[in-house]
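Listed below, chain by chain, are the residues.
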Amino acid sequence: MIEYMLGKLIAQARQSVTLQKDGDLSAALGGYELVFEALRSYEELGYGQETQEIQRLVLDAQPSPEMTLYLHALILFHRRRYHAAEEAIGAALLLAPGMPLLQTLQARVRTSLGDLSGALAAYERAQELAPTSGGTREALFMLAAEQEMPGEDYYFWLQRFHELLRPASYVEVGLGHGRSLALAGPETRAVGIDPFQGVWERLNYVCPHGQATLFPLTSDDFFAQHDLREVIGTETFDLAFIDGLHLFEQALKDFINLERYAGKNSVILIHDCLPIAPIVAERERCTGFWTGDVWRIIPCLKTFRPDLQIVTIPTKPSGLAVVTGLDPESAALSENYQAIVDYYLGLKLPESAADRFRLLNVRRDDWDGIIAKYARRQGKGHR
Ligand SMILES: C[S@@+](CC[C@H](N)C(=O)[O-])C[C@H]1O[C@@H](n2cnc3c(N)ncnc32)[C@H](O)[C@@H]1O
């Protein structure tokens, strides 16, 4: 399976090289980002030589020294070698100081290094050079997320849930390129649901500890056609992650459908519950970095399900809500579904961080300790 995925990544890298040669740089760069991001996980699995060959293929195809240095820096950035990445961009900027691409990457690297004022200066320079560039605006969102949610990103916390909870079963709605699903551990029966990405041919990551079962269906179709208990082989799931269609009414439906299979110690995680600004939380997507209005589920659950425990981890880029105390018998949401949706669609996301944090139950807690407590409730030690 790993060889199959690496073969797919080679093909993706070659396709991006062709796009670049044909003059579609923005599509090519999008492809390179996905490939380099995925390669880090294969490097960690011990496939260093193979990943280097793919990186070399891209570097060798570059038409100028500054583009070679740019892509070298991008590779280092995705390998989390931030200081080395900054050096490479510095060298590229000496060759091409007026290339906004370089300034934007410099800003991303500085953001990761925690140099937020340096990052802002690089964004401002990129903005001057390319006032209409979408890339600069997107990178600014990342800077805002770093400012509001310093520390580890949501993949880190998903991994901690897997390591500490060691769920026997894990259900993920919304797979993207498969990076979050790949975090499931060896003791976990993982299930992935996604109408577009629910087949291995579409994913970039493997589950290194054993394959997950994929369903190329919308979550609604999955729950209409399957009994989750038969799929996971147990009465209840241990951990679920909602990260599918980024609309409140769908996230709520996913929650209702999952809760029917919850035990008293099951945990549901919901992504994108802490948008950095109203513009990324519009229902109609108008930014690359987009959370949609999933956040509405938090005030909704707080009001209609006061029996639940709901907290949001302020983890970049858009928060991760943790819901426990689940009750498969509760009909409070399903019986009032349409009225609830109609009401909460009228709610406005507060502009101020303090108001958003309060509304969305954000807590900067000892999350390791809390997850360990969930694990003890489920009768588990850690891996
Ligand atoms: C943001 S991506 C998921 C990212 C992934 N969980 C991660 O963290 O790496 C959202 C995914 O939801 C999927 N999706 C959209 N509508 C859906 C639906 N109705 N049911 C399930 N998945 C859906 C999309 O195809 C997309 O792959």
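Residues numbered from 1 in each chain as written. Predicted model: local features only at pLDDT ≥ 70, side-chain atom pairs only at ≥ 80, totals over all residues.

### With respect to the site of the ligand
To keep things clear, this is the line we draw: What makes a residue near a molecule or strand is its C-beta atom, placed from the backbone, lying within 6 Å of it. Any residue that is not Ala, Val, Leu, Ile, Met, Phe, Trp, Tyr, Cys, Pro, Asp, Glu, Lys or Arg is counted as polar, Gly included; the first ten are nonpolar and the last four charged.
Around the ligand lies a shell of 17 residues, among which G174, G176, S180, G244 and L245 are the nearest. Of the residues in the shell around the ligand, the class split is 6 nonpolar, 8 polar and 3 charged.

### Digging into the pairing of strand β1 (residues 169-173)
To keep things clear, this is the line we draw: Three exposure classes are used, based on other C-beta atoms lying within 10 Å of a residue's own C-beta, which is placed from the backbone: buried for 20 or more, exposed for 12 or fewer, and partly exposed in between. Starting at the N terminus, helices and strands are each numbered in turn, a helix being any DSSP run of H or I of at least four residues and a strand any DSSP run of E of at least two. Whether two strands pair comes down to DSSP finding at least two bridges between them.
Among the 5 residues of β1, 5 are classified as buried, and the element is accordingly described as predominantly covered. Here β1 shows no split at all, with S169, V171 and V173 on one side and Y170 and E172 on the other all buried. Judged from the 5 bridges that link them, β1 and strand β2 (residues 189-193) form a sheet pairing that is parallel. Looking across to β2, one finds that S169 is bridged to R189. Bridge analysis of β1 against strand β4 (residues 237-242) gives 4 bridges, and the strand direction is parallel. Pairing of E172 across the sheet is with F241, part of β4.

### Considerations on helix α13 (residues 297-304)
This is how the line gets drawn: The directions considered for the arc run from the helix axis to the C-beta atoms. C-beta atoms are first placed from the backbone for all residues, and any pair lying within 7 Å is then listed as a contact.
When α13 is considered as a whole, its buried residues turn out to be I297, I298, C300 and L301. Summarising the axial view, the buried residues of α13 lie within an arc of 165 degrees, below the 170-degree limit, and thus occupy one face. Packed against the buried residues of α13 are α12 (248-259), β5 (262-271), β6 (309-313), β7 (320-324) and α14 (337-344).

### Here's the deal with the environment of P350
The residue P350 is located in the loop between α14 and α15 (353-359) in this model. Taking the C-beta count within 10 Å as the criterion, P350 has 14 such neighbours and is therefore assigned partly exposed. Remark: the alpha-carbon pair of P350 and A277, spanning 73 residues in sequence, is separated by 8.3 Å. Leave out the neighbours within four places in its chain, and P350 touches D355, R356 and L359.

### Concerning the domain arrangement of the chain
Put simply, the test is: Annotation comment: domain bounds sourced from an automatic or database domain assignment.
For the chain, the assigned domains read domain 1 (2-148) and domain 2 (154-377). Averaged C-alpha coordinates put domain 1 and domain 2 at centres separated by 30 Å. The interface is formed by 15 residues belonging to domain 1 together with 15 residues belonging to domain 2. Of all the secondary-structure elements, those providing two or more residues to the side of domain 1 that touches domain 2 are α1 (2-21), α2 (25-44) and α8 (134-148). No other element matches the 8 residues that α8 contributes to the side of domain 1 that touches domain 2.

### What to know about the pairing of β4
The condition that has to hold: Handedness of a crossover is defined as follows: with both strands directed away from the viewer, a clockwise route from the first strand across the helix to the second makes it right-handed.
With 6 of its 6 residues buried, β4 lies for the most part within the structure. Pairing analysis gives 5 bridges linking β4 to β5, with the strands arranged parallel. Residue pairing in the sheet places F237 in a bridge with A262 of β5. The β-α-β motif built from β4, the intervening α12 and the parallel element β5 has right-handed crossover chirality.

### Considerations on the nonpolar core
Formally: Here, a nonpolar core means buried Ala, Val, Leu, Ile, Met, Phe, Trp, Tyr and Cys residues linked by C-beta atoms lying within 7 Å of one another.
Grouped together as the largest cluster of nonpolar side chains are 109 residues, with contacts concentrated most on Y70, A73, I268, L269, I270 and I297. The greatest single-element share of this core, amounting to 9 residues, is contributed by helix α4 (residues 65-78). The two domains that each donate at least three residues to this core are domain 1 (2-148) and domain 2 (154-377). Look past the residues within four positions of A73 in its chain and what remains in contact with it is A85, A88, I89, A92 and L105.

### A few points about the environment of A321
Relative to the helices and strands, A321 resides in strand β7. Separated by 10 residues in sequence, A321 and V311 place their C-alpha atoms 5.6 Å apart. When sequence neighbours within four positions are dropped, the list of residues in contact with A321 reads L269, I270, C273, I298, I310 and T312.

### What to know about unusual backbone geometry
Look at the link from K316 to P317: it is a cis peptide, with omega at 5 degrees. Looking at where P317 falls in the secondary structure, it is placed in the loop between β6 and β7. Residue R166 is not a glycine yet carries a positive backbone phi of 40 degrees. Among the structural elements, R166 can be located in the loop between α9 (154-165) and β1. What makes R166 partly exposed here is the crowd of 19 C-beta atoms within 10 Å. Here D272, not a glycine, exhibits a phi torsion of approximately 65 degrees, which is positive.

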